[in-house]
Amino acid sequence: MKYDVFISYSSKDIDVAERLCQHLENNAIKCWMAPNSLEPGRSYASEIVRGIKNSQIFVLVFSSNSNISQHVMSEVDVAFNSHKTIVPFIIHDIPMSEELSYYLSRTHWLIAYSNIIVAFKELTKDVLNYLGRECKAADDHEGNKTEETPENLFLKGKSFYSGLAYEEAFAYFKKAAERGHVTAQYNLGVMYTKGKGIKTNQVEAFRWFFLAAKQGDADAQYAVGLRYDSGKGVLPDSTEAVKWLRMSAESGNSKAQFALANKFYYGECVSRNYQAALRWYKKAAKQNCIDAQRILGCMFEYGQGVPQNYETASFWYKKAAEQGDSFATERIKILSSHSVHK
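Note that the coordinates shown come from a computational prediction; the quantities given were computed from them, not determined experimentally.

What follows covers unusual backbone geometry. Here the residue pair Ala34 and Pro35 is connected by a cis peptide bond, since its omega of 0° sits within 30 degrees of zero. Of note, Ala28 is a non-glycine position whose phi angle comes to about 60°, a positive value. Mapped onto the secondary structure, Ala28 falls in the loop between helix H1 (14-25) and strand E2 (31-32). In this structure, His83 takes a positive phi of about 60° despite not being glycine. If you trace the backbone, His83 turns up in the loop between helix H3 (70-81) and strand E4 (85-90).

Rendered as structure tokens:
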């Protein structure tokens, strides 16, 4: 028997798979899905292979469960080698395993975790288009076409980016960014910086980071601050560097907090101020910034801007050591020996 769609899923996601199957079959799309489609008396493995080969489209319900399922991996392998059209239906926002990425990096992904009802409709439309059929009028009463909103464009870009299809991701991010989507603007800055999907262009990278920064994106503000500091893609300006680093730091970005603390600690672009440095190092350290934890240990050990305090120094060194900092580990031993000798 021939089928339109084979539905692959982890048994832990059967509720979603059944809803998906029902939605497709309501539009006269014939689905193969275990266990309902299994024929009695046949081996499970042979039935799976037969179902995949007798179906035109292979839909994978991708989740944290299917991402580590060897059964799902085997099904994807059969579908790939049988030259089936594979459509990942993404219900969890997680990185795809290297094994699955090998097979699926160039496929069109459907993001379902943001709005699964809309995703059901998108998948139905795509499957019917592939099969050369039209959607039932009854299914169109809510508007079957997904509006090309900045958010939808961004999600499509994110889908391609996760699948390592950077050129496609860049195209969608750019459309969303040009319509004001702040995260898409930031992502364009990253792609121009790293040369992913587009030729490296530091001037363009700065332009997109700056647009996102003006909308309040803390990561973009940090990027803008660093670029003003280094002159990467823009003329260096120490005043602007500190301004944008401070804005990002005040929004809670730990990297900006650490960078700003360094400015005050070393007296770069600002007057040296150990108290200000201490305040920003503490904020970054509380967010597990290992470098900030190590420097706080040093400040308290040597009394830089604060009264010398070996106990507090050891506290911050231990925080850094717990994250694998070898310098902090050595200082703990030394401070411990001081305590013993006393």
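Here we come to the side chain of Arg331. Of note, Arg331 is situated in helix H16 (residues 326-341). Within the structure, the side chain of Arg331 is placed 3.3 Å from the side chain of Tyr302, a separation counted as a polar contact. With residues near it in sequence (within four places) discarded, Arg331 still touches Glu301, Tyr302 and Tyr317.

This paragraph deals with the confidence of the model for the protein. Put simply, the protein has an average pLDDT of 86, and 94% of its residues get 70 or more. Note on residues 137-146: pLDDT under 50 across the span, and eleven contacts to partners over four residues away in sequence or across chains.

For the rest of this paragraph, the subject is the nonpolar core. Counting residues in each nonpolar core, the largest one holds 49 residues, and the members touching the most others are Phe58, Val76 and Leu104. In terms of residue count, helix H9 (residues 202-214) provides more of this core than any other element does, six residues in total. What Phe58 contacts, discounting residues up to four positions off in sequence, is Phe6, Ser8, Ile52, Glu75, Val76, Ala79, Lys84, Thr85, Ile86 and Val87. Counting 33 residues, the second largest nonpolar core, distinct from the first, contains Tyr222, Ala277, Ile295 and Ala313.

Quick notes on the rules
Residues numbered from 1 in each chain as written. Predicted model: local features only at pLDDT ≥ 70, side-chain atom pairs only at ≥ 80, totals over all residues. Heavy atoms only, no water. Helix = DSSP H or I, 4+ residues; strand = E, 2+ residues; numbered from the N terminus. Polar contact = N/O pair within 3.5 Å; in protein donor to acceptor, adjacent residues only side chain to side chain. Contact = heavy atoms within 4.5 Å. pLDDT = per-residue confidence, 0-100. Core = buried A, V, L, I, M, F, W, Y, C linked by side-chain atoms within 4.5 Å. Buried < 20%, exposed > 50% of the residue type's maximum accessible area, 1.4 Å probe, protein only.

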